[in-house]
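Listed here are the chains, written in short residue letters.
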There are 2 protein chains.
Amino acid sequence: MLRLGTDMTRKSLDTFLSLYLAPKGVKMVVLVRTDLQMGKGKVAAQVAHAAVSAVLEVMEGRREWRAWLEQWLSEGQPKVVLKVTSQSELIERCRKASSAGLPCVEIRDAGRTQVEPNTLTCVAIGPGPEELIDSITGDLKLL
Amino acid sequence: MLRLGTDMTRKSLDTFLSLYLAPKGVKMVVLVRTDLQMGKGKVAAQVAHAAVSAVLEVMEGRREWRAWLEQWLSEGQPKVVLKVTSQSELIERCRKASSAGLPCVEIRDAGRTQVEPNTLTCVAIGPGPEELIDSITGDLKLL
């Protein structure tokens, strides 16, 4: 993450402002594992779990997260569901998101149906600045 | 909804207690229209929207709703996605849920993809007592 400092250039200050403080748009993405071959209803329930958990976590989180959440809610909660093909990819994207200062919540399933208990099924990244989220997940395909 | 009164029988008091004040289990159900033929990712995003909206509305709602929400969160947010085949059925189930004292949130899509703007896509009922929700949606099939 960029840090404000005496040697910060005008350009890096612009980047900092547009990425973190006054983003043009905010969104949430939820990454879902396709290798688990969950049914439509199961996927929907997992994605909903991720979205609710992300919102609750962000509410208690740092100030910029709460500002993004407010903007996201006022803009109609835009969210996009993307696919990944393995658990390791899910973990790696979440790690990158966290390093970039974005909220990321991992969802593990209780495993009563369709998957083994404690299986990592999906992650929610955001709500956060669109540009920043795209830099981490922009190459992934829509589910 | 049952009301406490001087002529309330022991049995109706028991029903009142178990249904509203100390439910055995709580859950959320999200009803999704299958007649719109939305894709997997689209359905997941709509269901997530419904779940987040329900949680936010309930947080500002009446005391029993907030108690159900707390119980639901502490029990791992159990949620079930069910299908209905038309808009009128969605509206009718939501009306019944509201009459029974349950939270119900209707989700309309902005309509940028797959459906017409302002289409009613799904409703979230709950979080609320399992027994009470089942009395309204128990006959619907899993998505």
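As the structure is a computational prediction, the values presented were derived from the model and not from experiment.

Participant: Tell me about the side chain of K79 of chain B, residues and numbers included.
Facilitator: Locating K79 of chain B in the fold gives a position in strand β2 (residues 79-84). Lacking a salt bridge, the buried K79 of chain B has D109 of chain A as its closest oppositely charged neighbour, with an N-O distance of 8.6 Å. In this structure the side chain of K79 of chain B is engaged in a polar contact, spanning 3.5 Å, whose partner is the side chain of H49 of chain A. In this view, K79 of chain B contacts A45, A48 and H49 of chain A together with M28 and W72 of chain B; residues no more than four positions away in its chain are not counted.

Participant: Lay out the state of the cysteines with the relevant residues and their values.
Facilitator: Here is the idea: a disulfide is a covalent bond, and it sits between the sulfur atoms of two cysteines. Residues and elements named next belong to chain A. Evaluated as defined, the whole model comprises 2 disulfides over all chains. C94 shares a disulfide with C104; S-S distance 2.1 Å. Sign of the S-S torsion, about -125° for the bond between C94 and C104, identifies this disulfide as left-handed. In this pair, C94 is assigned in helix α4 (residues 87-99) and C104 in strand β3 (residues 104-109), connecting sequence segments 10 residues apart. Accessibility assignment for this pair places C94 and C104 in one class, buried. Unpaired in this structure, C122 has its nearest cysteine sulfur neighbour in C104, at a distance of 10.0 Å.

Participant: I'd like a description of the sheet that holds strand β4 (residues 119-129) of chain A, backed by residues and values.
Facilitator: All names here are of chain A. Taken together, the 4 strands give an open sheet; going across it, the order is β2-β1-β4-β3, and neighbouring strands pair in mixed fashion. The open sheet has two edge strands with one neighbour each: β2 (79-84) and β3. The sheet shows a mean angle of 20° between the axes of neighbouring strands, direction not considered. As paired elements, strand β1 (residues 26-33) and β2 share 6 bridges and run parallel to each other. Across the sheet, the residue bridging to V32 is K83, located in β2. Packing against the sheet, helix α5 (residues 130-137) makes contact with β1, β2 and β4, and its axis sits at approximately 145° to β4.

Participant: If you had to explain the confidence of the model for chain A to someone new, which residues and values would you point to?
Facilitator: The predicted model of chain A has a mean per-residue pLDDT of 90, with 88% of residues at 70 or higher. Ranking the elements of chain A by mean pLDDT puts helix α1 (residues 10-21) of chain A last with 69 and β1 of chain A first with 98.

Participant: Summarise the pattern of salt bridges; cite the residues concerned and give the values.
Facilitator: Going through the model one piece at a time under the given rule, you end up with 18 salt bridges over all chains. Linking R93 of chain B and E89 of chain B is a salt bridge whose minimum nitrogen-to-oxygen distance equals 3.1 Å. Of the two residues, R93 of chain B and E89 of chain B are both situated in helix α4 (residues 87-99); the distance of 4 residues between them amounts to about one turn of the helix. Looking at R93 of chain B, the relative accessible area reads 12%, which means it is buried. Between R95 of chain B and E92 of chain B there is a salt bridge whose closest N-O contact spans 2.9 Å. Of the two residues, R95 of chain B and E92 of chain B are both situated in helix α4; the distance of 3 residues between them amounts to about one turn of the helix. Taking the relative accessible area as the measure of exposure, R95 of chain B reaches 45% and is therefore partly exposed. One salt-bridge network, in which partners are shared between bridges, spans E89, R93 and D139 of chain A.

Rules used throughout
Residues numbered from 1 in each chain as written. Chains lettered and ligands numbered in written order. Predicted model: local features only at pLDDT ≥ 70, side-chain atom pairs only at ≥ 80, totals over all residues. Heavy atoms only, no water. Helix = DSSP H or I, 4+ residues; strand = E, 2+ residues; numbered from the N terminus. Buried < 20%, exposed > 50% of the residue type's maximum accessible area, 1.4 Å probe, protein only. Lys, Arg positive; Asp, Glu negative; His and termini not counted. Salt bridge = Lys/Arg side-chain N within 4 Å of Asp/Glu carboxyl O. Polar contact = N/O pair within 3.5 Å; in protein donor to acceptor, adjacent residues only side chain to side chain. Contact = heavy atoms within 4.5 Å. Disulfide = S-S within 2.5 Å. Pairing = 2+ DSSP bridges. Axes fitted to C-alpha atoms, helices over the stretch in contact; angles between N-to-C directions. pLDDT = per-residue confidence, 0-100.

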